[in-house]
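Geometric and topological summary
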Amino acid sequence: MGDFNIKDTAIICYSHSSYNDVWDMFFGQLNKFLPNLKKYFFIDKPIENPPPNTNVIIYDDLPFSNKFLNCLNQVEEKFCIYHQEDMVLYDSPNLNHLNQLVTILNEYNIDYIKLLKGGHTNDIKLDNTPLDKLYYIPHTGLSYANQPTIWKTNALKQIFKNTSNTDIREFETKASNYLNTTNMVGMYWYNNEDKRGIFHYNSSIYPHGNFISKGKWVYSEYENELKTLHDQYKIDKNKRGIV
(Lines give C-alpha, C1' and ligand atoms only; values in the text may rest on other atoms or scores of the structure.)
Protein backbone atom coordinates (compact mmCIF):
# COMPACT_ATOMS: atom_id res chain seq x y z
CA MET A 1 0.00 0.00 0.00
CA GLY A 2 2.99 2.34 0.02
CA ASP A 3 4.11 4.81 2.66
CA PHE A 4 2.01 7.41 4.37
CA ASN A 5 3.02 10.92 3.36
CA ILE A 6 4.05 12.16 6.79
CA LYS A 7 4.95 15.68 5.71
CA ASP A 8 2.98 18.26 7.71
CA THR A 9 0.81 15.57 9.36
CA ALA A 10 0.79 14.31 12.95
CA ILE A 11 -1.40 12.27 15.26
CA ILE A 12 -2.73 14.02 18.35
CA CYS A 13 -4.09 12.03 21.28
CA TYR A 14 -5.84 13.31 24.40
CA SER A 15 -5.67 11.04 27.43
CA HIS A 16 -5.60 10.88 31.23
CA SER A 17 -3.40 8.89 33.58
CA SER A 18 -6.44 6.84 34.69
CA TYR A 19 -6.22 5.21 31.24
CA ASN A 20 -2.54 4.26 31.51
CA ASP A 21 -3.45 0.57 31.14
CA VAL A 22 -4.45 1.32 27.53
CA TRP A 23 -1.31 3.18 26.45
CA ASP A 24 0.90 0.20 25.58
CA MET A 25 -1.78 -1.16 23.27
CA PHE A 26 -2.63 2.23 21.77
CA PHE A 27 0.96 3.23 20.99
CA GLY A 28 2.01 -0.32 20.16
CA GLN A 29 -0.55 -0.46 17.36
CA LEU A 30 0.22 3.05 16.13
CA ASN A 31 3.93 2.33 15.97
CA LYS A 32 3.28 -1.00 14.29
CA PHE A 33 1.27 0.51 11.46
CA LEU A 34 2.42 4.17 11.37
CA PRO A 35 5.93 4.10 12.87
CA ASN A 36 7.24 7.26 11.22
CA LEU A 37 4.26 9.48 11.89
CA LYS A 38 4.88 12.08 14.58
CA LYS A 39 2.64 11.82 17.63
CA TYR A 40 1.56 14.36 20.23
CA PHE A 41 0.29 12.97 23.53
CA PHE A 42 -1.77 15.33 25.71
CA ILE A 43 -1.71 14.05 29.30
CA ASP A 44 -2.23 15.28 32.88
CA LYS A 45 1.16 14.24 34.31
CA PRO A 46 4.62 13.17 33.11
CA ILE A 47 5.05 9.54 32.05
CA GLU A 48 8.05 7.26 32.26
CA ASN A 49 9.55 5.96 29.03
CA PRO A 50 7.42 7.91 26.53
CA PRO A 51 6.81 6.13 23.21
CA PRO A 52 9.21 6.84 20.34
CA ASN A 53 8.60 9.77 18.03
CA THR A 54 6.13 11.23 20.54
CA ASN A 55 5.90 14.73 22.02
CA VAL A 56 4.37 14.48 25.50
CA ILE A 57 2.55 17.68 26.43
CA ILE A 58 1.33 18.11 30.01
CA TYR A 59 -1.95 19.97 30.35
CA ASP A 60 -3.12 22.11 33.28
CA ASP A 61 -6.17 21.50 35.47
CA LEU A 62 -8.56 23.48 33.28
CA PRO A 63 -11.84 22.77 31.47
CA PHE A 64 -11.37 20.27 28.64
CA SER A 65 -11.59 22.77 25.79
CA ASN A 66 -9.08 25.16 27.38
CA LYS A 67 -6.42 22.58 28.20
CA PHE A 68 -6.82 20.89 24.82
CA LEU A 69 -6.34 24.19 23.01
CA ASN A 70 -3.21 24.96 25.05
CA CYS A 71 -1.77 21.63 23.89
CA LEU A 72 -3.01 22.01 20.32
CA ASN A 73 -1.24 25.36 20.03
CA GLN A 74 2.04 23.44 20.34
CA VAL A 75 1.30 21.25 17.31
CA GLU A 76 3.44 22.42 14.41
CA GLU A 77 2.02 20.36 11.56
CA LYS A 78 -0.54 21.69 9.06
CA PHE A 79 -2.74 18.58 9.42
CA CYS A 80 -3.53 16.36 12.39
CA ILE A 81 -5.36 13.11 12.99
CA TYR A 82 -7.44 13.43 16.15
CA HIS A 83 -7.49 10.48 18.53
CA GLN A 84 -8.35 9.40 22.03
CA GLU A 85 -6.47 6.54 23.64
CA ASP A 86 -9.30 3.99 23.47
CA MET A 87 -9.57 4.39 19.67
CA VAL A 88 -7.04 1.68 18.82
CA LEU A 89 -5.98 0.40 15.40
CA TYR A 90 -6.60 -3.34 15.05
CA ASP A 91 -5.53 -3.67 11.42
CA SER A 92 -3.42 -1.81 8.89
CA PRO A 93 -4.73 1.54 7.63
CA ASN A 94 -5.04 2.02 3.89
CA LEU A 95 -2.03 4.28 3.45
CA ASN A 96 -2.73 5.16 -0.16
CA HIS A 97 -6.19 6.42 0.71
CA LEU A 98 -4.90 8.32 3.74
CA ASN A 99 -2.44 10.04 1.43
CA GLN A 100 -5.33 10.93 -0.86
CA LEU A 101 -7.27 12.49 2.00
CA VAL A 102 -4.35 14.65 3.12
CA THR A 103 -3.87 15.77 -0.48
CA ILE A 104 -7.57 16.63 -0.73
CA LEU A 105 -7.42 18.70 2.47
CA ASN A 106 -4.41 20.52 1.07
CA GLU A 107 -5.91 21.24 -2.34
CA TYR A 108 -9.65 21.67 -1.73
CA ASN A 109 -11.87 23.85 0.42
CA ILE A 110 -12.40 21.04 2.91
CA ASP A 111 -11.47 21.43 6.57
CA TYR A 112 -11.85 17.94 8.04
CA ILE A 113 -12.49 14.36 6.98
CA LYS A 114 -13.84 11.88 9.52
CA LEU A 115 -12.36 8.43 8.99
CA LEU A 116 -15.59 6.52 9.53
CA LYS A 117 -19.33 6.83 9.17
CA GLY A 118 -20.98 7.37 12.52
CA GLY A 119 -24.23 9.11 13.43
CA HIS A 120 -25.13 9.89 9.81
CA THR A 121 -28.42 8.58 8.41
CA ASN A 122 -28.26 10.14 4.94
CA ASP A 123 -25.18 9.82 2.75
CA ILE A 124 -24.97 13.17 0.96
CA LYS A 125 -22.85 13.21 -2.18
CA LEU A 126 -21.77 16.59 -3.53
CA ASP A 127 -21.29 17.16 -7.25
CA ASN A 128 -17.69 18.28 -6.84
CA THR A 129 -16.63 15.63 -4.30
CA PRO A 130 -12.98 14.81 -5.12
CA LEU A 131 -13.30 11.14 -4.06
CA ASP A 132 -16.40 9.00 -4.47
CA LYS A 133 -16.09 7.47 -0.99
CA LEU A 134 -16.46 10.86 0.73
CA TYR A 135 -19.81 12.20 1.91
CA TYR A 136 -20.77 15.66 3.07
CA ILE A 137 -21.41 16.46 6.74
CA PRO A 138 -24.25 19.02 6.84
CA HIS A 139 -24.31 21.96 9.24
CA THR A 140 -26.98 20.42 11.46
CA GLY A 141 -26.99 18.29 14.59
CA LEU A 142 -23.72 16.73 15.75
CA SER A 143 -21.45 17.80 12.91
CA TYR A 144 -18.44 17.51 15.24
CA ALA A 145 -17.45 14.21 16.86
CA ASN A 146 -14.57 13.07 19.07
CA GLN A 147 -13.69 10.34 16.57
CA PRO A 148 -10.61 9.69 14.41
CA THR A 149 -10.63 12.58 11.96
CA ILE A 150 -8.03 14.28 9.76
CA TRP A 151 -8.19 18.01 10.42
CA LYS A 152 -6.61 21.12 9.09
CA THR A 153 -4.95 21.98 12.39
CA ASN A 154 -5.94 25.64 12.22
CA ALA A 155 -9.60 24.70 11.70
CA LEU A 156 -9.54 22.49 14.79
CA LYS A 157 -7.91 25.32 16.75
CA GLN A 158 -10.69 27.65 15.64
CA ILE A 159 -13.31 25.31 17.07
CA PHE A 160 -11.57 25.03 20.42
CA LYS A 161 -11.02 28.80 20.59
CA ASN A 162 -14.76 29.31 20.21
CA THR A 163 -15.86 26.72 22.78
CA SER A 164 -13.88 27.82 25.83
CA ASN A 165 -14.68 26.56 29.34
CA THR A 166 -16.44 23.44 28.05
CA ASP A 167 -16.33 20.04 29.74
CA ILE A 168 -15.55 17.00 27.59
CA ARG A 169 -19.06 15.59 28.13
CA GLU A 170 -20.58 18.70 26.57
CA PHE A 171 -17.93 19.36 23.99
CA GLU A 172 -19.36 17.52 20.97
CA THR A 173 -22.64 19.43 21.33
CA LYS A 174 -21.07 22.86 21.84
CA ALA A 175 -18.45 22.30 19.15
CA SER A 176 -21.18 21.24 16.72
CA ASN A 177 -23.29 24.28 17.62
CA TYR A 178 -20.34 26.51 16.75
CA LEU A 179 -19.28 24.54 13.68
CA ASN A 180 -22.81 24.73 12.28
CA THR A 181 -22.57 28.54 12.22
CA THR A 182 -19.37 28.55 10.15
CA ASN A 183 -18.52 27.90 6.53
CA MET A 184 -16.20 25.00 7.42
CA VAL A 185 -16.64 21.98 5.16
CA GLY A 186 -16.51 18.46 6.57
CA MET A 187 -16.69 15.04 4.94
CA TYR A 188 -16.68 11.44 6.14
CA TRP A 189 -15.29 8.27 4.62
CA TYR A 190 -17.75 5.47 3.83
CA ASN A 191 -17.06 2.55 1.49
CA ASN A 192 -20.08 0.35 2.31
CA GLU A 193 -18.44 -1.01 5.45
CA ASP A 194 -20.52 -3.08 7.88
CA LYS A 195 -22.25 -1.44 10.81
CA ARG A 196 -20.67 -1.97 14.23
CA GLY A 197 -23.00 -1.43 17.17
CA ILE A 198 -25.80 1.13 17.12
CA PHE A 199 -24.28 4.26 15.57
CA HIS A 200 -20.90 3.46 14.00
CA TYR A 201 -19.59 1.63 10.98
CA ASN A 202 -16.29 -0.13 10.49
CA SER A 203 -13.59 1.81 8.69
CA SER A 204 -11.64 0.18 5.88
CA ILE A 205 -9.33 3.21 5.60
CA TYR A 206 -8.51 3.33 9.34
CA PRO A 207 -9.59 0.09 11.05
CA HIS A 208 -10.05 0.96 14.71
CA GLY A 209 -12.47 0.40 17.53
CA ASN A 210 -13.99 2.61 20.18
CA PHE A 211 -12.88 0.04 22.69
CA ILE A 212 -13.95 1.59 26.01
CA SER A 213 -17.38 2.83 27.11
CA LYS A 214 -17.99 4.27 30.57
CA GLY A 215 -14.64 2.88 31.66
CA LYS A 216 -15.22 -0.69 30.51
CA TRP A 217 -14.04 -2.74 27.54
CA VAL A 218 -16.70 -3.03 24.83
CA TYR A 219 -16.63 -6.79 24.30
CA SER A 220 -20.23 -6.65 23.06
CA GLU A 221 -19.01 -5.03 19.82
CA TYR A 222 -15.28 -5.86 19.59
CA GLU A 223 -14.82 -9.23 21.26
CA ASN A 224 -12.57 -10.79 18.62
CA GLU A 225 -10.36 -7.72 18.22
CA LEU A 226 -10.06 -7.12 21.96
CA LYS A 227 -9.26 -10.76 22.75
CA THR A 228 -6.40 -10.67 20.24
CA LEU A 229 -5.03 -7.34 21.47
CA HIS A 230 -5.44 -8.17 25.15
CA ASP A 231 -3.49 -11.37 24.64
CA GLN A 232 -0.79 -9.55 22.70
CA TYR A 233 -0.37 -6.74 25.25
CA LYS A 234 -1.08 -8.89 28.35
CA ILE A 235 -4.10 -6.87 29.48
CA ASP A 236 -6.49 -8.36 32.02
CA LYS A 237 -9.96 -7.38 30.86
CA ASN A 238 -11.40 -8.03 34.31
CA LYS A 239 -9.56 -5.09 35.86
CA ARG A 240 -11.80 -2.69 33.93
CA GLY A 241 -14.65 -5.06 33.33
CA ILE A 242 -16.56 -5.56 30.13
CA VAL A 243 -19.82 -4.51 28.58
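Reference entry: report on the structure contained in this document.

Basis of the calculations
- Residue positions are counted from 1 within each chain, in the order its sequence is given.
- Where totals are concerned, whole chains, interfaces and linings use all residues; where local detail is concerned, this predicted model gives features only for residues with pLDDT of at least 70, and gives and counts side-chain atom pairs only at 80 or more.
- Water and hydrogen atoms play no part in the side-chain values, which are based on all heavy atoms of the structure.
- A helix here means a DSSP run of H or I that spans at least four residues, while a strand means a run of E at least two residues long, and both kinds are numbered starting from the N terminus.
- Type-normalised accessible area, obtained with a 1.4 Å probe on protein chains alone, sets the label of each residue: buried when under 20%, exposed when over 50%, and partly exposed for intermediate values.
- Between N or O atoms, a polar contact is any pair within 3.5 Å; within protein, one atom must be a potential hydrogen donor and the other a potential acceptor, and residues adjacent in sequence are included only when both atoms are from side chains.
- The angle between two axes is taken between their N-to-C directions and runs from 0 to 180 degrees, where each axis is a line fitted to C-alpha atoms and a helix contributes only its stretch in contact.
- Each angle is binned into one of four classes, with values under 35 degrees roughly parallel, values over 145 roughly antiparallel, values of 65 to 115 roughly perpendicular, and all other values oblique.
- Take the far helix as the reference: if the near one is turned anticlockwise from it by less than a right angle, the crossing is left-handed, and if turned clockwise, right-handed.
- Whether two residues touch is decided by their heavy atoms; if any such pair falls within 4.5 Å, the residues are in contact.
- Note on residue categories: nonpolar means Ala, Val, Leu, Ile, Met, Phe, Trp, Tyr, Cys or Pro, charged means Asp, Glu, Lys or Arg, and polar means any other residue, Gly included.
- A pair of strands is considered paired only if DSSP assigns at least 2 bridges between the two.

Some thoughts on the environment of D132
Relative to the elements of secondary structure, D132 occurs in the loop between strand 6 (112–114) and strand 7 (134–137). Taking the relative accessible area as the measure of exposure, D132 reaches 53% and is therefore exposed. There is a polar contact of 3.4 Å between the side chain of D132 and the side chain of K133.

Overview of the packing of helix 2 (residues 64–72) against helix 4 (residues 153–161)
In contact at an axis separation of 9 Å, helix 2 and helix 4 are set at 150 degrees when each is read in the N-to-C sense. Of the possible angle classes, the one that applies to helix 2 and helix 4 is roughly antiparallel. Considering only the axes of helix 2 and helix 4, their crossing is left-handed. Contacts from F64, S65, F68, L69 and L72 of helix 2 reach helix 4 at T153, L156, K157, F160 and K161. Each residue belonging to the contact of helix 2 with helix 4 can be placed in one class, and the counts come to 6 nonpolar, 2 polar and 2 charged.

Re the sheet that holds strand 4 (residues 79–84)
On the basis of which strands lie adjacent, the open sheet formed by 8 strands has the order 3-2-1-4-8-6-9-7 and mixed pairing. In this open sheet, the two strands that pair with only one neighbour each are strand 3 (54–58) and strand 7. The sheet shows a mean angle of 25 degrees between the axes of neighbouring strands, direction not considered. Bridge analysis of strand 6 against strand 9 (residues 186–189) gives 3 bridges, and the strand direction is parallel. Paired with I113 across the two strands is M187, which belongs to strand 9. Docked against the sheet, helix 3 (residues 95–107) engages strand 1 (9–14), strand 4, strand 6, strand 7, strand 8 (149–152) and strand 9, running at close to 25 degrees with respect to strand 8.

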